[in-house]
Each structure stands twice: as structure tokens, then as C-alpha cells.
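The residues making up each chain are set out below.
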Amino acid sequence: MAEIDKGLPNTRKQEELPSEEELQDVAVQEPVEEKGPIEVIPEEDGGVTLDYEPGAINVPGTESHFDNLAELLPDDVLEPIGGDMTQNFMDYKASRKDWEQSYTTGLDLLGFKYENRTEPFQGASGATHPVLAEAVTQFQAQAYKELLPADGPVRTQVIGAKNPQTELQATRVKDYMNYLIMDQMKEYEAEFDAMLFHLPLAGSTFKKVYYDVPMGRVVSKFVPADELVVPYTATSLDDAESIIHVVKMSENELRKQQVNGFYRDIELTPPGNVEQNSVEKKEKELDGTKKVGKQDTIYTLLECHVNLDLEGFEEVDAQGEPTGIKLPYIVTVEEGSRLVLSIRRNYAPNDLKKNKIQYFVHFKFLPGLGFYGFGLIHMIGGLSRTATAALRQLLDAGTLSNLPAGFKQRGVRVRDEAAPIQPGEFKDVDAPGGNLRDAFFPLPYKEPSQTLLNLLGVVVSAGQRFAAIADMQVGDGNQGAAVGTTVALLERGSRVMSAIHKRCYAAMKDEFKLLSKVVSQYLPPEYPYDVVGGMRNVKQSDFDDRIDVVPVADPNIFSMSQRITLAQTQLQIATSNPQLHNMYQIYRNMYEAIGVKNVDAVLPAPAPNMPMDPSLEHINALAGKPFQAFPGQDHRAHITAHLNFMSTNIVRNNPAVMAAIQKNILEHISLMAQEQVQLEFREQMQQMMMMQQQAATNPQIQAQLQALTNQVESRKAILIAEMTEEYMKEEKQITSQFDNDPLLKLKSREVDLRAMENERKRDADKADEDLARAKLMQAQDLAEDKMDQNEDLAKLRAGVSLAKSGVQQAKVMVDDN
């Protein structure tokens with residue numbers, strides 16, 4: 001039943017609203033009868049309640065898209081749904097019973113609880129080998145540090161072409177997402193830490209991303225594998241016809257949700273003896289906690305993400321007929337009473353395809369053969385049991401050897417002969433008198449077997465190799481090992497963990513995409529927030545398709561040791577040929593790999609190369625420091641200074657300094673030729689810049705551009721050849737201590753070039769004058785032609801006027817006659 005003040009479902013689309021003409025037609029028509037029978041029930045307060053049949057409630061109204069549809073449906077529709085959802089949950093759990101049993105049994109291999117054994121004797125060893133616990137702990141420690149760094153786990157990248165606007169947008173999204181996860185989502189770190197411990201054990205864990213109304217923000221909740229149930233046929237979350245999330249909720253919290261309107265305000269009986277989760281029971285047992293005394297009432301809610309052809313809200317075609325297609329809904333049922341608390345649509349209001357909204361992210365340790373992944377319990381559980389059995393046998397053998405037991409003589413009758421002999425115990429034996437030594441008979445216990453000890457080592461080593469928890473001795477004792485050998489050893493020792501790390505990276509990427517999607521829906525248009533040292537803001541429009549949110553972790557690196565090894569290998573390669581590498585960046589990568597925070601204080605960045613005078617260049621040449629030529633310098637002055645410096649004895653006797661100076665001279669020659677070409681081909685260069693914008697789509701322009709480029713480069717090559725030849729002559733004269741001054745020839749060449757430039761300018765100016773003169777003469781001719789045309793028109797107008805006056809005079813004369 002639905003009260004009259006409740007909104008009804010609004011199934012009519014925005015684009016199908018009636019026009020004014022239709023509304024006027026409707027106003028004059030007869031009232032339309034309601035579909036289906038309606039029962040009017042009077043209430044005590046004077047109001048009434050309308051009882052709709054299910055087929056009569058899916059009519060246009062004011063009901064919101066995500067409202068609780070269970071408030072509108074009658075009990076005879078809700079009861080079968082609640083029963084079906086609960087039965088499906090029981091069937092799905094039964095289909096994975098073997099998985100739960102193997103997981104529950106494997107939890108004992110962690111050794112969290114010491115077992116007091118009485119077999120084969122009282123006080124036998126109950127120790128558990130820690131190979132499984134060690135593998136789980138080390139994976140959790142490595143993954144937690146790499147996937148959740150202190151600065152935040154989120155980074156962003158721009159989809160498509162980058163520009164300043166998109167880069168600023170990516171920075172705002174990254175800063176806000178890290179602020180949200182590390183500062184606002186207080187539960188995220190603790191639950192992520194717990195998830196990474198469950199993941200290697202169960203093989204599968206889940207994250208549920210949604211907007212929490214009471215908290216007023218998005219949450220990412222850790223869901224253990226035993227609390228999420230899917231059908232037997234499911235292979236992934238995307239193709240699962242049903243996903244059932246088991247939610248434990250206290251009576252008080254459930255009442256809050258009912259009062260707030262999230263669940264139906266119906267009376268629920270206290271939960272009965274519902275079958276306890278075997279996995280949860282085992283976890284409580286290992287945790288050392290148990291139920292004692294009176295406990296708070298806890299309800300088990302089944303949140304079912306299913307597809308339903310809900311009666312009264314069927315999918316209809318263009319003619320309004322039901323299609324029979326099931327739509328996504330979220331149905332929440334209380335397991336004990338099987339009562340439906342809520343039914344909500346699980347697709348976006350503007351989604352014409354009505355695709356289900358995904359809330360869950362699946363983290364897999366190893367890909368399984370079905371829906372659930374494989375964990376270390378499944379993969380090395382047998383090895384862990386074998387190692388535990390071997391360890392216990394060794395300890396028991398040592399106990400029996402150190403505390404021997406046997407018989408002592410007292411007649412021939414043995415007391416309690418059926419009871420086993422305990423370590424350190426001697427039983428009474430009825431025997432005739434004799435030597436004291438003959439009265440004692442110790443049992444023949446052996447020392448711990450060396451073969452069994454070797455077997456234990458083999459089993460443990462196999463388990464550690466598989467779980468990749470053995471210490472990687474990469475490069476130890478052989479610092480001169482080849483780079484290829486080091487990389488091969490690193491890859492061989494980390495291939496398993498690297499693949500697991502990549503799967504976690506892909507799952508976190510899906511989680512961040514869901515987080516950003518929910519944030520974009522509930523964030524205000526502009527949201528300012530405070531951080532340490534300042535204030536920042538983010539816009540709702542920043543979360544669009546142009547920005548991709550990904551984990552900050554490197555999917556190819558899962559540990560600090562791997563990162564340091566790669567940085568050392570990189571440094572080894574770069575040291576062999578430093579001229580081809582950026583050594584500053586190589587060393588910076590090494591410092592970052594070992595975790596140095598303030599790298600700039602330890603490794604200052606090199607100063608950028610700046611133009612300097614020839615004397616400072618000579619100082620750098622003697623010190624072995626790099627220097628270079630820059631455009632706009634007085635190249636001839638630098639060349640002259642270098643030539644004079646090269647004539648000194650210190651440079652003549654130092655080939656390295658001589659080579660550095662000659663290199664700089666050639667740089668000046670190249671720049672001088674480039675600048676000369678730019679002066680000579682100034683117009684062609686501007687034309688080339690304009691043609692480059694059109695060359696990509698026009699082959700003809702590409703050919704023209706290539707021709708101009710070849711012409712410019714040809715002229716540049718000629719100038720370089722001429723200048724180099726002069727330089728060689730002048731250098732030879734200086735080194736041979738000839739009297740000729742090389743500066744004069746360079747200046748002569750400069751005068752020639754300036755003369756050529758002046759002549760070119762004169763020719764260009766003359767051409768401009770001729771063009772201006774031609775334009776002036778053309779304008780004068782046009783003005784004269786226009787004046788002649790005006791005179792002809794004036795004469796024509798005068799003749800017409802005279803003719804008109806003659807005609808008028810003739811008419812006057814005719815009238816007078």
C-alpha cells in the first residue's frame with residue numbers, strides 16, 4: 001500500500017513531455033479511468049490510503065529514480081522476492097562450500113594458535129612451521145608500502161594532447177583525491193592494510209565503493225571474500241547475474257536506517273539461530289575471542305545486486321508493452337525473517353541502456369579456475385602441512401631422545417601396561433632380583449633424523465621459492481657481475497610477486513575510477529579545502545574523460561630492493577659511457593630509490609649553460625668543464641680570442657684543451673653561417689614557417705617546403721665551407737707563427753659579407769621603389785581615365801537637358817497655335 005502523499009514512479013522521459021496543445025486537448029476530454037482496481041482505505045486521522053494493484057503503480061508521478069520501491073509494492077509481491085533472494089543466497093553458499101572448507105582448514109596453518117596434542121603421547125609438539133605466515137606477512141608488508149605511500153596513492157595522467165589547462169586540471173584532481181583518501185577517509189588505510197593480509201590467504205578480496213549518506217562522503221569499504229557470494233556460473237563481477245553482499249548490522253543501526261527512510265519501517269523479529277559463517281567462526285577462534293554472556297542483537301542483511309522483471313515496474317517498448325527484460329535492482333533482505341527492506345534501481349537515470357552500476361572491485365592474488373582467485377593456502381598449503389609434520393616429528397624425536405622412558409624391574413607384572421609410556425616415565429615391572437642395571441630397560445628412541453631434517457629444508461625452500469620470500473642475493477659477492485646477469489637474476493627471483501603486484505595495480509585503478517566517478521556526482525561545482533601550508537580547490541568539472549586517475553605505484557616494481565637494484569644497474573651502465581647519459585638524473589634516480597627525501601639538498605641541480613666571455617671559456621677549457629656558443633654573440637671576437645689563446649704553449653701542449661677550443665670555434669662558425677643565412681633568406685624563412693602549417697595535408701606544399709629547405713641548407717653549407725677554410729688558414733698561420741694577422745682576414749671577410757648584405761638591401765630597396773613608382777603611375781592613369789569618363793558623362797547630361805528643353809518649347813508653340 002502506498003500513502004497518497006508518497007510520490008509515484010516517474011517513467012516518462014524528459015523529451016516526451018506533452019505540448020501546450022496536448023494539455024489543452026486533455027483539459028476538455030473526459031477524465032481517464034485509473035488502470036487497475038484501487039481500494040480506498042480511510043485512516044483514523046481523517047486521511048485515506050490508496051491500495052494500488054501492482055500493475056497500476058507504474059504511472060508518471062513525482063517519485064525519485066533511486067527511491068525505495070518496496071514502499072510502493074504490496075506484501076504479496078515482496079514476500080516471494082524476499083524468499084527467492086534468501087534461497088539464492090543459501091544455494092550460492094552451498095556451491096562454494098568446498099572453497100570455504102579449504103580456506104577454513106588452511107587458516108590453521110598460520111600457527112596463530114598453539115595446539116596441545118595428546119597423540120602420539122601427552123605433550124607432543126604442536127608447533128606450526130611459519131612458512132605460510134612468513135609469506136603472508138612479507139607480501140602484506142611489501143604491498144602496503146608500495147601501493148599506499150605516505151604522500152598518497154593517486155596520480156593522474158592527461159588523455160589526449162596536453163596543454164596548460166589540462167595539466168592544471170590533472171594536478172587538481174590528483175591533489176584532491178590524495179587529500180580525500182589520506183585525510184578524509186579515515187578508515188581507508190586500516191581497511192586497506194587488513195585487505196592486503198586477507199588477499200594472500202583467501203586469494204580474493206573486494207572493495208565496495210559508494211556514497212555514504214550519514215558520513216556525507218564517498219567510502220571504499222573492505223569486503224572479505226566470505227561476505228560476498230555469487231552464483232556458481234559467474235566468472236567475474238561484470239557477468240555475474242547476482243552479487244550478494246552479506247552485511248552485519250546492529251539493531252540500533254538498523255533502526256536508524258529505518259527512521260531515516262532508507263529501509264522500510266517494518267517490525268523485525270530478533271534473529272534466530274541462523275547458521276554461523278564457518279570462516280568467520282574460524283577467524284574469531286584464531287583471534288582468541290569468543291561469544292560470552294549477553295551480546296547485542298546483530299541482524300544479517302543480504303544486499304542483493306540482481307536483475308529483476310519487477311511487477312509494476314516492467315521494461316516496456318515504444319508501444320508501452322512489457323518486453324520481459326530484467327532490469328538491475330538492489331534488493332535488501334533480512335535473512336532471518338526474509339522480509340524485504342528496500343528495492344532500488346541500480347542504473348543511472350539518464351542511461352537508456354539501463355546498465356547496472358558497479359560498486360565492487362575484485363582484488364585477486366592469483367587467477368583461479370573460476371570466480372575466486374587462488375591464495376597461498378591453495379598453492380603452498382600442502383607444503384606448509386608437510387613442513388609442519390616434519391618439524392613436529394623432529395621436535396618429538398628430540399624430546400623422546402632427551403627424556404628416555406622404559407621399564408624397571410619389579411617382578412614380571414607391569415602396571416598399567418595398556419597406557420603409553422610418557423617421556424621421563426619408568427613403569428613398574430614385577431621381575432625377580434638381579435643386577436640393578438638389568439632392572440631397567442629404556443625404550444630404543446632414535447635421535448632426530450638427518451634425512452628428515454634435509455626433507456624439511458627442501459619443503460621449506462620450495463614454499464619460499466614459490467611465494468618469492470627468499471632473500472634475493474642479487475649481486476652479493478660479485479659487484480662486477482654483468483648487467484644482463486643482474487637483471488636476469490632479478491627477474492627470475494621476482495616474477496611471481498611482479499605479476500601479483502600488477503594485478504593489485506589493475507584492481508586499484510578500477511577502484512580509483514569508481515571513486516572519481518562517485519566524487520564527480522556528489523561534489524559541488526567548486527570545492528575549497530585546506531591542506532598543510534595552504535588552501536586548494538577542486539571543480540566538479542575536473543572529473544571528466546580528459547583525466548585518467550591511476551595508482552602512483554609502478555606496476556613493474558613491487559619492492560625497494562628491486563628499485564635499488566634497477567637503479568644500481570642503470571648507474572653501472574651510465575658510468576661506462578657518461579658522455580651519452582644525463583649523470584645528474586642517474587644519480588637522482590639512485591637517491592630516490594634508496595628513499596632520500598630532500599634530494600636537492602644532497603645533490604644540487606647543475607646550473608644551466610649561460611653565455612660567457614672568451615676568457616671564462618678558456619678557464620673552463622683548462623678546467624675540463626663544458627662550454628658552448630650561443631646565438632647573438634660576437635662570433636668573430638670569440639674566434640679571434642680563441643685563435644690567440646691557441647698560440648700559447650700551454651694550449652699547444654694540451655690536446656684536450658685544444659680540442660675543446662676548436663669545438664667551440666666550429667660552433668661559432670655554424671651559428672655565424674646560420675645567422676648569415678637568416679639575413680639572406682629572410683623572406684624565404686618566413687614563407688617556410690607559413691608553409692609548415694599546411695604541409696601536413698598538402699603534398700604539393702611539402703615538395704615546395706623541401707625545395708626551400710634544400711636551398712637554405714645548401715647556402716649554409718657553402719658559407720660554413722668558406723668560413724672553415726679561412727679559419728684553417730688563419731689557424732695555420734698562427735700556429736706557424738707567421739706575421740700575417742688572422743684578424744685582418746676575418747675582418748676582411750666580415751667587410752665582404754657586409755658589402756654583400758648592403759648590396760642586397762640596395763637591390764631590395766630599388767625593387768621596392770620601382771614597385772611604388774609603378775603603383776603611382778597606375779593610380780595616375782586610373783585617375784585620368786576617371787576624369788575623362790566624368791567629362792563624357794557631363795557632356796551627355798548637357799545634351800539630354802538641351803533636348804528636353806527643345807521638346808518643351810515645341811509643345812508650348814503647338815499649344816499657342
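None of the values given here were measured: they were computed from a predicted structure.

Novice: When you look at the packing of aromatic side chains in this model, what are you seeing that I'm missing?
Specialist: Pairs of aromatic rings are described using the distance from one ring centre to the other and the angle between the two planes. Evaluated as defined, the whole model comprises 14 aromatic pairs. Aromatic side chains Y211 and Y522 sit 3.9 Å apart centroid to centroid with 10° between the ring planes, which places their arrangement in the stacked category. Taken together, the positions of Y211 in strand β5 (residues 204-212) and Y522 in helix α11 (residues 483-522) put the pair 311 residues apart, joining distant regions of the chain. Pairing F262 with Y263 gives two aromatic rings, centres 4.9 Å apart and planes at 65°, and the pair type is edge-to-face. An aromatic cluster is defined as three or more aromatic residues linked by ring pairs; in this entry it consists of W99, Y103, F206, F371 and Y372. The side chain of K208 reaches across the aromatic face of Y210, ending 5.2 Å from its centre.

Novice: Just checking my understanding: could you explain the sheet that holds strand β12 (residues 360-364) for this structure?
Specialist: As a general point, the strands of a sheet are linked pairwise by backbone hydrogen bonds and lie either parallel or antiparallel. Across the sheet, 3 strands lie side by side as β6-β5-β12; this open sheet has antiparallel pairing. Looking at strand neighbours, the two that pair on one side only are β6 (217-224) and β12, the edges of this open sheet. If you compare each strand with its neighbour and ignore which way they point, the axes differ by 25° on average. Running over the sheet, helix α6 (residues 188-202) touches β5, β6 and β12 and is turned about 155° from β5.

Novice: Help me understand the sheet that holds strand β11 (residues 339-345) in this model?
Specialist: The strand order across the open sheet formed by 5 strands is β7-β8-β9-β10-β11, and the pairing between neighbours is antiparallel. On the outer flanks of this sheet lie β7 (228-229) and β11, each paired with one strand and no other. With 6 bridges joining them, strand β10 (residues 327-334) and β11 adopt antiparallel strand pairing. Residue pairing for β11: Y329 is matched across the bridge by R345. Against the sheet, helix α2 (residues 75-95) contacts β7, β8 (242-250), β9 (298-308), β10 and β11, and its axis sits at roughly 100° relative to β8. Helix α7 (residues 251-259) contacts β8, β9 and β11 of the sheet and is inclined by roughly 110° relative to β8.

Novice: Just checking my understanding: could you explain the packing of helix α16 (residues 635-646) against helix α18 (residues 655-680) for this structure?
Specialist: Packed helix pairs are characterised by how far apart their axes lie and by the angle those axes make with each other. Between α16 and α18, the least distance of the axes is 10 Å, while the angle of their chain directions is 160°. One element, α16, and the other, α18, form an angle in the roughly antiparallel class. Here α16 and α18 pass one another in a crossing that is left-handed. Here H635, R636, H638, I639, H642, L643, F645 and M646 of α16 lie close against α18, whose contacting residues are V657, M658, I661, Q662, N664, I665, H668, I669, L671, M672 and E675. Per-class residue counts for the contact of α16 with α18 are 11 nonpolar, 6 polar and 2 charged.

Novice: Even after reading the chapter, I still don't get the environment of A507, so can you show me in this structure?
Specialist: The residue A507 is located in helix α11 in this model. It is 9.4 Å that separates the C-alpha atoms of A507 and F206, two residues lying 301 residues apart in sequence.

Novice: Would you mind going over helix α5 (residues 164-184) with me for this structure?
Specialist: Residue pairs three or four apart in sequence face the same way in an α-helix, which turns once every 3.6 residues. In this model α5 runs 29 Å from its N-terminal to its C-terminal C-alpha over 21 residues, within 8% of the 30 Å that 1.5 Å per residue would give. The set of residues buried in α5 consists of T166, Q169, A170, V173, Y176, M177, N178, Y179, L180 and I181. Here α5 starts with a cap whose side-chain oxygen sits 3.0 Å from the backbone nitrogen of Q165, and that cap is N163.

Novice: Help me understand the packing of helix α3 (residues 97-107) against helix α9 (residues 376-402), please; the structure alone is not making it clear to me.
Specialist: Here α3 crosses α9 at 45°, and the two axes come no closer than 11 Å. Classed by the angle they form, the pair α3 and α9 counts as oblique. Between α3 and α9 the crossing geometry is left-handed. Packed against α3, whose contacting residues are W99, S102, Y103, T105, G106 and L107, the element α9 presents I377, H378 and R385 at the interface.

Novice: Help me understand the pairing of strand β17 (residues 534-539) in this model?
Specialist: For a regular strand, side-chain orientation follows a simple rule: the groups alternate between the two sheet faces. Here strand β16 (residues 526-531) runs beside β17; their pairing, made up of 6 bridges, is antiparallel. The residue of β17 that forms the bridge with P528 is N537. Hairpin connection from β16 to β17: 2 residues lie between these consecutive antiparallel strands, with G533 at a positive phi of about 90°.

Novice: How should I be thinking about α3 in this particular structure?
Specialist: Within the sequence span of α3, burial applies to W99, E100, Y103, T104, G106 and L107. The buried residues of α3 occupy an angular sector of 165° when the element is viewed end-on, so they sit on one face. Facing away from the buried side of α3 by over 90 degrees, the exposed positions are K97 and D98.

Novice: Any chance you could explain a negative patch on the surface here in plain terms?
Specialist: Together, E683, E759, D763, D765, D768 and E769 line one region of the surface with negative charge. One can find D768 in helix α21 (residues 742-816).

Novice: Is there a simple way to explain a nonpolar patch on the surface in this structure?
Specialist: A surface patch of nonpolar side chains, about 260 Å² in accessible area, is lined by L793, L796 and V800. Topologically, L796 is positioned in helix α21. Given the relative accessible area of 56%, L796 is considered exposed.

Novice: Please clarify how the environment of A593 should be interpreted in this entry.
Specialist: In this structure, A593 sits in helix α13 (residues 583-593). When the C-alpha atoms of A593 and A567 are compared, they prove to be 6.8 Å apart, with 26 residues separating the residues in sequence.

Novice: Could you clarify how one ought to interpret the side chain of S384 in this entry?
Specialist: Structurally, the position occupied by S384 is in helix α9. Setting aside residues up to four positions removed in sequence, S384 forms contacts with L109, H129, V131 and L132.

Novice: Before we go on, may I ask you to explain the pattern of salt bridges in this structure?
Specialist: Side chains that differ in sign of charge can pair as their charged atoms come close. Enumeration according to the criterion identifies 16 salt bridges in this entry. Notably, a salt bridge pairs D75 with R264, separated by 3.6 Å at the nearest N-O pair. Here D75 is found in helix α2, whereas its partner R264 is found in the loop between α7 and α8 (278-287), with 189 residues between them in sequence. Owing to a relative accessible area of 46%, D75 belongs among the partly exposed residues under this scheme. The exposure class assigned to R264 is buried, which follows from its relative accessible area of 13%. The partner of K509 in a salt bridge is D548, and the shortest N-O contact between them spans 4.0 Å.

Novice: So what exactly am I meant to see when it comes to the nonpolar core here?
Specialist: Proteins that are soluble and globular tend to have nonpolar side chains buried together. Ranked by internal contacts, the top residues of the largest apolar core, which has 73 residues, are Y176 and L228. Examining the composition of this core, we find that 10 residues originate from one element, α11, more than from any other. V77, I244, C304 and V331 belong to the second largest nonpolar core, which has 26 residues in total.

Novice: Help me understand unusual backbone geometry in this model?
Specialist: The phi torsion of most residues other than glycine is negative, and most of the peptide bonds are trans. Even without being glycine, R338 reaches a positive phi, approximately 60°. Take R338: it is sitting in the loop between β10 and β11. Non-glycine residue K354 carries a positive phi angle of around 55°. Mapped onto the elements of the fold, K354 is located in the loop between β11 and β12.

Novice: Could you clarify how one ought to interpret the side chain of E191 in this entry?
Specialist: Locating E191 in the fold gives a position in helix α6. Although buried, E191 forms no salt bridge, and the nearest oppositely charged side chain, K221, lies 4.2 Å from it. A polar atom in the side chain of E191 sits 2.7 Å from the backbone nitrogen of F222. In contact with E191, other than residues within four places in its own chain, are S220, K221 and F222.

Novice: I'm lost on the confidence of the model for the chain in this one. Help?
Specialist: Predicted coordinates in areas of low pLDDT are best not read in detail. A residue-level look at the chain finds 77% of positions with pLDDT of 70 or above and a mean pLDDT of 77. The least confident element of the chain, judged by mean pLDDT, is strand β1 (residues 2-3) at 36; the most confident is β12 at 94. This stretch, residues 1-38, has a pLDDT under 50; its non-local contacts, to residues over four places away or in other chains, come to 51 contacts. Within the model, the stretch residues 45-56 combines pLDDT values under 50 with 36 contacts to residues more than four positions away or in other chains.

Calculation rules
Residues numbered from 1 in each chain as written. Predicted model: local features only at pLDDT ≥ 70, side-chain atom pairs only at ≥ 80, totals over all residues. Heavy atoms only, no water. Phe/Tyr/Trp six-rings, centres within 6.5 Å; stacked < 30°, edge-to-face > 60°. Helix = DSSP H or I, 4+ residues; strand = E, 2+ residues; numbered from the N terminus. Lys NZ or Arg CZ within 6 Å of the ring centre and 35° of its normal. Pairing = 2+ DSSP bridges. Axes fitted to C-alpha atoms, helices over the stretch in contact; angles between N-to-C directions. Contact = heavy atoms within 4.5 Å. Parallel < 35°, antiparallel > 145°, perpendicular 65-115°, else oblique. Left-handed = near helix turned anticlockwise from the far one by under 90°. Nonpolar A, V, L, I, M, F, W, Y, C, P; charged D, E, K, R; others polar. Expected span 1.5 Å × (residues − 1). Buried < 20%, exposed > 50% of the residue type's maximum accessible area, 1.4 Å probe, protein only. Polar contact = N/O pair within 3.5 Å; in protein donor to acceptor, adjacent residues only side chain to side chain. Arc of directions from axis to C-beta. Patch = residues over 30% accessible without salt bridge, like charges linked within 9 Å, V, L, I, M, F, W, Y side chains within 5 Å. Areas by Shrake-Rupley, 256 points an atom, 1.4 Å probe, with all protein chains shown as cover. Salt bridge = Lys/Arg side-chain N within 4 Å of Asp/Glu carboxyl O. Lys, Arg positive; Asp, Glu negative; His and termini not counted. Charge placed at Lys NZ, Arg CZ, Asp CG, Glu CD. Core = buried A, V, L, I, M, F, W, Y, C linked by side-chain atoms within 4.5 Å. pLDDT = per-residue confidence, 0-100.

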